[in-house]
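Results of the structural survey
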Amino acid sequence: EIQLQESGPGLVKPSQSLSLTCSVTGYTITSGYDWSWIRKFPGNKMEWMGYISYSGSTNYNPSLKSRISITRDTSKNQFFLQLNSVTTEDTATYYCARYNVYYGSFDYWGQGVMVTVSS
Amino acid sequence: DIQMTQSPASLSASLGETVTIECLASEDIYSNLAWYQQKPGKSPQLLIYYANSLNDGVPSRFSGSGSGTQYSLKINSLQSEDVSIYFCQQNYDSPNTFGAGTKLELK
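Below, the structure is looked at part by part. On a predicted model such as this, the values are computed, not experimentally measured, just so you know.

Once that is clear, we can look at the nonpolar core. By size, the foremost hydrophobic cluster in this structure holds 28 residues, and its most contacted members are L18, W37, F79, L81 and Y94 of chain A. Of all the secondary-structure elements, those providing two or more residues to this core are strand 3 (18–25), strand 4 (34–40), strand 5 (46–53), strand 7 (68–73), strand 8 (78–83), strand 9 (92–100) and strand 11 (113–117) of chain A. No other element matches the four residues that strand 3 of chain A contributes to this core. Beyond its immediate sequence surroundings of up to four residues, Y94 of chain A is in contact with E6, L18, L20, I38, R39, M49, L81, L83, G112, V113 and V115 of chain A. Among the nonpolar cores identified, the runner-up in size contains 22 residues, and V19, I21, C23 and Y71 of chain B belong to it.

As a further point, take the sheet that holds strand 8 of chain A. Strands pair in a sheet through their backbones, by hydrogen bonds, and they do so in one of two ways: parallel or antiparallel. Residue and element names in this part refer to chain A. Spatially, four strands are ordered 1-3-8-7 in an open sheet, and the strand pairing comes out antiparallel. With one partner strand each, in any of the chains shown, strand 1 (3–7) and strand 7 form the two edges of the open sheet. Pairs of neighbouring strands in the sheet enclose a mean axial angle of 20 degrees, with direction left out of account. In the sheet, strand 1 pairs with strand 3 via five bridges, with the strands oriented antiparallel. Residue Q5 lies in a different strand from strand 3, and its bridge partner there is S23.

For the rest of this paragraph, the subject is the environment of E22 of chain B. Residue and element names in this part refer to chain B. Mapped onto the elements, E22 comes out in strand 3 (residues 19–25). Assessed through its relative accessible area of 44%, E22 is described here as partly exposed. Put simply, E22 and Q6 are 16 residues apart on the chain and 5.7 Å apart in space, counted from C-alpha to C-alpha. Residues in contact with E22, not counting those within four places in the same chain, are T5, Q6, S7, W35, Y71 and S72.

A few words on the interface of chain A and chain B. Tallying the contact residues gives 21 residues for chain A and 19 residues for chain B. The largest contributions to the chain A side of the interface with chain B come from M46, Y103 and W109 of chain A, which together make up 33% of the buried area. Where chain A packs against chain B, one counts six residue pairs in polar contact (both at pLDDT 80 or more). Every element with two or more residues in the side of chain A that touches chain B is listed here: strand 4, strand 5, strand 9 and strand 10 (105–109) of chain A. Sorting elements by how many residues they give to the side of chain A that touches chain B places strand 10 of chain A first, with four residues. Of the residues assigned to the side of chain A that touches chain B, the class counts are eleven nonpolar, seven polar and three charged.

About the cut-offs
Residues numbered from 1 in each chain as written. Chains lettered and ligands numbered in written order. Predicted model: local features only at pLDDT ≥ 70, side-chain atom pairs only at ≥ 80, totals over all residues. Heavy atoms only, no water. Core = buried A, V, L, I, M, F, W, Y, C linked by side-chain atoms within 4.5 Å. Buried < 20%, exposed > 50% of the residue type's maximum accessible area, 1.4 Å probe, protein only. Helix = DSSP H or I, 4+ residues; strand = E, 2+ residues; numbered from the N terminus. Contact = heavy atoms within 4.5 Å. Pairing = 2+ DSSP bridges. Axes fitted to C-alpha atoms, helices over the stretch in contact; angles between N-to-C directions. Buried area = accessible area lost by both parts, 1.4 Å probe. Polar contact = N/O pair within 3.5 Å; in protein donor to acceptor, adjacent residues only side chain to side chain. Nonpolar A, V, L, I, M, F, W, Y, C, P; charged D, E, K, R; others polar.

The following block contains the structure:
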């Protein structure tokens, strides 16, 4: 069974960097698909942030392009989100998810981690 | 970015009722639309992909339809476990964008 699990700090100070890890079990992230980060703001708005593909290429939401980086550690079957220069508007629940290109949709999701940006 | 306008924002229905949720895209998305269910405290689960294809394990009371810019999710014979927030998502153009969500409650 494919499972994704986010981890990382729940509180980040303004202007600092937000760093999260997604650990994947049941599927090797270099075998296929795109591995995404999505966030849900208070009030339910959802935003796709970006992905790293099975080959290692990345694609980011232009709204975040100057602040975001998605990388991976294939030896640990993990991928990572770094979001720089955070503000209170980055307070959200962050999900990692598998994007299934054959379905055009996100077919496996982590349970989510809530991140609050506050001093 | 393609804007997804979802309606209604909230919905109250009785057990056994049929409910419909709609999504309007700001341009033609050629059926590149998915629907998700998010139960309280849980992560989103894929229900429907490519507008009308039911994901594995999803009950047949869920169905999707639409084309062009207008899409809908129908739930037949509403069950208590269907209380959730429902989202649409387009993947026709990057970036993927989501509707604002519909909160479904029991009357």
